[in-house]
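Residue strings, one per chain:
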Amino acid sequence: MKNISKNPNAKPSPAAGEGGAFYHHGRGAQINTKNRFLVNEVTKEHIEAIDDWEETTLPTQYIEEEVKTIVNKVDSPDVGMSYSMNPYAGCEHGCIYCYARNVHEYWGYSAGIDFEQKVIVKKNAPQLLRKFLMHPKWDATPIMLSGNTDCYQPAEQKYRLTRSLLETCNEFNQPVGILTKNSWILKDKDVLQEMGKKQIVSAMVSITSFNEDLRRVMEPRTTTAKQKLKVINELSSAGVRMGIMMGPMIPGLNEHEMQRIMKAARDNGATFTAYTFIRLNGAIKFLFHDWLYKNFPDRADKVWHLIENSHDGKVNDTRWGVRMRGEGPIAQLVAQQYRKYGKLYGMNAEDWSLDRSLFKRPGEQGRLF
């Protein structure tokens, strides 16, 4: 695998593409970027000068931790949530564009391959949630499950922390929103159905493309779009309010699929939508650049420049309200499509909100807000 310069304009050789000898199949990131918090790191550079270089794909490691908190206040005003909880840090799904990659550096790891291969398991998450909800000043503000990493990533098959968190929320009648790319959510259909009857849960399934060749390299360990539609259909039929997240929309790769995604989701029972426009903040800029030129050398220049043209000549924007929508002709076209087809398919038309009035702590009477 070629050494990739930190210069975002550097172009890796197309020979290092998907069929390259050292491509990590089943991983989104192909390199480990430098952790900005670490002063000293051991790195491998100029590997093309080493005769007997070998690169292997390491299995996923689950690192069990006892953490201090599980519910976090969200200060960003443009993400649509006030609180979030994430039972896992790092995500085996490996989505190359994931904004949560940068957070992995706080744990002492890289935002690249480490993010997908070294997953932090917050084993005491259910106990912490119960303690949090018992606080007398907590007012049942909805909490987003998977505000950062996917709560139904493969680790959930072993640890079932998400299941325990949902059971606790159901016991307290604590409103919860869910965002996932994995069909494993269907394993919790029973508790979600109970919460759906009380209108204390809604769920969004992230669908970015119906192109399986694109999904396999862009979101390598997520489920197929066909399976995601099955999730929407089955859970909406069970009484769970379902929506779709179309994010991110990437010009030159998937932005043209917005109408098809919205229609298919509507036909399977989704009633609300959201979307984001690609932005490449922090280490994601280098990871995405490396991935793009390895997988799509024929159009990489075009895609990269379209992203730049949508962020005032950069690939990232930190301005509230603009950073996840972009600006310029391409971003405006995506926004127009979103409004047009959302209206056409009757999305976001209902006046609906999670019910906070049922919240009660064990042993006390319910109260109205």
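Residues numbered from 1 in each chain as written. Predicted model: local features only at pLDDT ≥ 70, side-chain atom pairs only at ≥ 80, totals over all residues. Heavy atoms only, no water.

The protein goes by PA0069 family radical SAM protein in an unreviewed UniProt entry, where it is assigned to Panacibacter microcysteis.

Student: Tell me about the overall build of the protein, residues and numbers included.
Tutor: The secondary structure content of the protein amounts to eleven helices and ten strands. Partitioning the intrachain contacts of the protein with sequence separation of at least 6 by distance along the chain shows that 80% fall at a separation of at least 24. Within the structure as shown, the protein displays about 17,000 Å² of accessible surface, and the carbon and sulfur contribution to it stands at 49%. (Helix = DSSP H or I, 4+ residues; strand = E, 2+ residues; numbered from the N terminus. Contact = heavy atoms within 4.5 Å. Areas by Shrake-Rupley, 256 points an atom, 1.4 Å probe, with all protein chains shown as cover.)

Student: A description of the sheet that holds strand E3 (residues 83-85) should follow, citing residues and the corresponding values.
Tutor: Strand order in the open sheet formed by seven strands is E2-E3-E6-E7-E8-E9-E10, and the pairing between neighbours is mixed. Of all the strands in the sheet, the pair left with one neighbour each is strand E2 (71-73) and strand E10 (272-277). Going from strand to strand, the sheet's axes swing by 25 degrees on average, the running direction of each strand aside. In the sheet, strand E6 (residues 143-145) pairs with strand E7 (residues 176-180) via three bridges, with the strands oriented parallel. Looking at the pairing, Leu145 lines up with Ile178 of E7. Where helix H11 (residues 329-344) meets the sheet, it contacts strand E9 (241-249) and E10, and its direction lies at approximately 175 degrees from that of E10. (Pairing = 2+ DSSP bridges. Axes fitted to C-alpha atoms, helices over the stretch in contact; angles between N-to-C directions.)

Student: Run through the confidence of the model for the protein, naming residues and quoting values.
Tutor: Taken over all residues, the pLDDT of the protein has a mean of 89, while the share at 70 or more is 87%. The low-confidence segment residues 1-21, where pLDDT is below 50, has 46 contacts with residues more than four positions distant or belonging to other chains. (pLDDT = per-residue confidence, 0-100.)

Student: Could you give an account of a nonpolar patch on the surface, with specific residues and numbers?
Tutor: There is a patch of nonpolar side chains on the surface, built from Phe37, Val103, Tyr106 and Trp107 and spanning about 390 Å² of accessible area. For Trp107, the location among the structural elements is in the loop between strand E4 (88-89) and helix H1 (113-117). (Patch = residues over 30% accessible without salt bridge, like charges linked within 9 Å, V, L, I, M, F, W, Y side chains within 5 Å. Salt bridge = Lys/Arg side-chain N within 4 Å of Asp/Glu carboxyl O.)

Student: Would you mind going over the environment of Tyr106 in detail, with residue names and values included?
Tutor: Locating Tyr106 in the fold gives a position in the loop between E4 and H1. A relative accessible area of 59% places Tyr106 in the exposed class. Once you skip the residues sitting within four places of it in the chain, Tyr106 turns out to touch Arg36 and Phe37. (Buried < 20%, exposed > 50% of the residue type's maximum accessible area, 1.4 Å probe, protein only.)

Student: Pulling in residues and values, what's your account of helix H9 (residues 284-295)?
Tutor: Taking 1.5 Å per residue, twelve residues should reach 16 Å; H9 reaches 16 Å between its end C-alpha atoms and fits that length. Here H9 has its buried residues at Ile284, Phe286, Leu287, Phe288, His289, Asp290, Trp291, Leu292, Tyr293, Lys294 and Asn295. Buried positions along H9 lie against helix H6 (212-218) and helix H10 (300-309). (Expected span 1.5 Å × (residues − 1).)

Student: Hey, could you go over the pattern of salt bridges for me, with residue numbers and the actual values?
Tutor: If you walk through the whole model with that rule in mind, you get 23 salt bridges. Across the pair Glu234 and Lys189 runs a salt bridge, and its minimum N-O distance is 3.4 Å. Of this pair, Glu234 sits in helix H7 (residues 225-237) while Lys189 sits in helix H5 (residues 189-197), and the two are 45 residues apart along the sequence. Accessibility expressed as a relative area gives 27% for Glu234, which makes it partly exposed. Sharing partners across several salt bridges, the network here consists of Glu156, Arg160, Arg163, Glu167, Asp188 and Asp190.

Student: Help me get a handle on the side chain of Asp188, residues and values and all.
Tutor: Mapped onto the secondary structure, Asp188 falls in the loop between E7 and H5. Since its relative accessible area comes to 0%, Asp188 is described here as buried. Within the structure, the side chain of Asp188 is placed 3.0 Å from the side chain of Arg160, a separation counted as a polar contact. Beyond its immediate sequence surroundings of up to four residues, Asp188 is in contact with Tyr152, Arg160, Arg163 and Leu166. (Polar contact = N/O pair within 3.5 Å; in protein donor to acceptor, adjacent residues only side chain to side chain.)

Student: If you had to explain the packing of aromatic side chains to someone new, which residues and values would you point to?
Tutor: Within this structure, the stated rule accounts for nine aromatic pairs. When the ring of Trp291 is compared with that of Phe296, the centres are 5.6 Å apart and the planes differ by 65 degrees; the resulting orientation is edge-to-face. Overall, the relative accessible area of 12% leaves Phe296 in the buried class. On the basis of an interplanar angle of 20 degrees and a centroid distance of 6.3 Å, the ring pair of Tyr341 and Tyr345 is categorised as stacked. Following the ring pairs from residue to residue traces out a cluster consisting of Tyr83, Phe132 and Trp138. The ring of Tyr83 has Lys73 lying over it, and the distance from NZ or CZ to the ring centre is 5.5 Å. If you follow Arg241 out to its NZ or CZ, it ends over the ring of Phe272, 3.9 Å from the centre. (Phe/Tyr/Trp six-rings, centres within 6.5 Å; stacked < 30°, edge-to-face > 60°. Lys NZ or Arg CZ within 6 Å of the ring centre and 35° of its normal.)

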